[in-house]
Amino acid sequence: MVRMSAEERRESVIRAAMIEFARSGYHGTSTEVIAKRVGVSQPYLFRLFANKQAIFQAAAGRCIEETAEVFRNAAEGLQGEEALHAMGAAYQKLIADDRDKLLLQMQTYVAVAAAEAAGDHEFGKVMRAGWTELYDTVHLALGADTGETTTFLACGMLINTLVALGFPPEDRVWKGFYDSAQPTP
């Protein structure tokens, strides 16, 4: 049997945490369940990460990074409306193929809001930095047009809401989106 390096274990923990936090949220996920999914002891997790919050930040940060990468890849070599539609279609595919990505995004917003309400502003600072990178990725792909960037991201948030609530593709609430943002049946 081949032993994994600490970096490979760390990657396994991040992947497992992405799934567990997506499905149960920050407060509903124990480090024990993450350790079990990875096949390591709970104390071993804390050799890789300082605490549960650090594991969540790594998982949520990875989700944001991977979403930004989807946008970068989709828009590569394109400009304006072509980039917009390519990113919209790529995002639709991402959340259709990996529902946990969508759920983890939603859980991240809840976790940050709860931390802020409890007076923990550092937690949100880390997540906002990642989201700012996502914003900048879209902004540059859309020619640094603030209005287009805001509209694209606002539509994305509405899409997140509709998908999370389970609206079927044929429901009237999907009318009015551009074709690349339409869900596939």
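Our subject is the structure that appears above.
All of the points below concern the structure found in this document. (Residues numbered from 1 in each chain as written. Predicted model: local features only at pLDDT ≥ 70, side-chain atom pairs only at ≥ 80, totals over all residues. Heavy atoms only, no water.)

1. Some thoughts on the pattern of salt bridges
Under the counting rule described, the total for this entry stands at twelve salt bridges. Here Glu-66 ties to Lys-101 by a salt bridge, and the two come within 2.7 Å at their closest N and O atoms. One end of the pair, Glu-66, is in helix α4 (residues 52-75); the other, Lys-101, is in helix α6 (residues 99-117), and 35 residues separate them in sequence. Lys-101 gets classed as buried once you look at its relative accessible area, which sits at 7%. Overlapping salt bridges bring together Glu-11, Arg-15, Arg-62, Glu-65, Glu-66, Asp-98 and Lys-101 as one network. (Salt bridge = Lys/Arg side-chain N within 4 Å of Asp/Glu carboxyl O. Helix = DSSP H or I, 4+ residues; strand = E, 2+ residues; numbered from the N terminus. Buried < 20%, exposed > 50% of the residue type's maximum accessible area, 1.4 Å probe, protein only.)

2. Side note on the packing of aromatic side chains
Applying the stated criterion across every chain, the model contains seven aromatic pairs. Taken together, a centroid distance of 5.6 Å and an interplanar angle of 35° make the contact between Phe-56 and Phe-123 tilted. A residue pair is termed long-range when its members are at least 10 positions apart, and Phe-56 in helix α4 and Phe-123 in helix α7 (residues 121-141) qualify at 67 residues. Consider the rings of Phe-71 and Tyr-91, whose centres lie 5.8 Å apart with planes at 35°: the pair is tilted. In this pair, Phe-71 sits in helix α4 while Tyr-91 sits in helix α5 (residues 80-97), placing the two residues 20 residues apart along the sequence. Classification of Phe-71 as buried rests on a relative accessible area of 4%. On the basis of relative accessibility, which here comes to 6%, the residue Tyr-91 falls in the buried class. (Phe/Tyr/Trp six-rings, centres within 6.5 Å; stacked < 30°, edge-to-face > 60°.)

3. Here we look at the packing of helix α1 (residues 6-28) against α4
The description of two helices packed together rests on the angle between their axes and the distance between the axes. Taken N-terminus to C-terminus, the directions of α1 and α4 make an angle of 95°; their axes are 8 Å apart at the nearest point. Judged on the interaxial angle alone, α4 and α1 are roughly perpendicular. Across the interface between the two elements, Glu-11, Val-13, Ile-14, Arg-15, Ala-17, Met-18, Phe-21, Tyr-26 and His-27 of α1 pack against Lys-52, Gln-53, Ile-55, Phe-56, Ala-58, Ala-59, Arg-62, Cys-63 and Glu-66 of α4. (Axes fitted to C-alpha atoms, helices over the stretch in contact; angles between N-to-C directions. Parallel < 35°, antiparallel > 145°, perpendicular 65-115°, else oblique. Contact = heavy atoms within 4.5 Å.)

4. Let's talk about a negative patch on the surface
A surface patch of like charges, here negative, comprises Glu-81, Glu-82, Asp-145 and Glu-148. Of note, Asp-145 is situated in the loop between α7 and α8 (146-164). A relative accessible area of 35% places Asp-145 in the partly exposed class. (Patch = residues over 30% accessible without salt bridge, like charges linked within 9 Å, V, L, I, M, F, W, Y side chains within 5 Å. Areas by Shrake-Rupley, 256 points an atom, 1.4 Å probe, with all protein chains shown as cover. Lys, Arg positive; Asp, Glu negative; His and termini not counted. Charge placed at Lys NZ, Arg CZ, Asp CG, Glu CD.)

5. Looking at α4
Residues spaced three or four apart along an α-helix point in a common direction, a consequence of the helix completing one turn every 3.6 residues. If you check α4, its first and last C-alpha atoms are 35 Å apart, about what 24 residues at 1.5 Å a residue would give, namely 34 Å. Two to three positions downstream of the cap, the backbone nitrogen of Gln-53 sits 3.2 Å from a side-chain oxygen, assigning the N-cap of α4 to Asn-51. Once α4 finishes, Gly-77 follows within two positions and takes phi at roughly 80°, a positive value. (Expected span 1.5 Å × (residues − 1). Polar contact = N/O pair within 3.5 Å; in protein donor to acceptor, adjacent residues only side chain to side chain.)

6. Description of helix α2 (residues 31-38)
Turning to α2, its buried residues number three or more, namely Thr-31, Ile-34, Ala-35 and Val-38. Summarising the axial view, the buried residues of α2 lie within an arc of 100°, below the 170-degree limit, and thus occupy one face. What points out from α2, more than 90 degrees from its buried face, is the exposed set Glu-32 and Lys-36. Where α2 terminates, the next one or two residues include Gly-39, which has phi positive at roughly 90°. (Arc of directions from axis to C-beta.)

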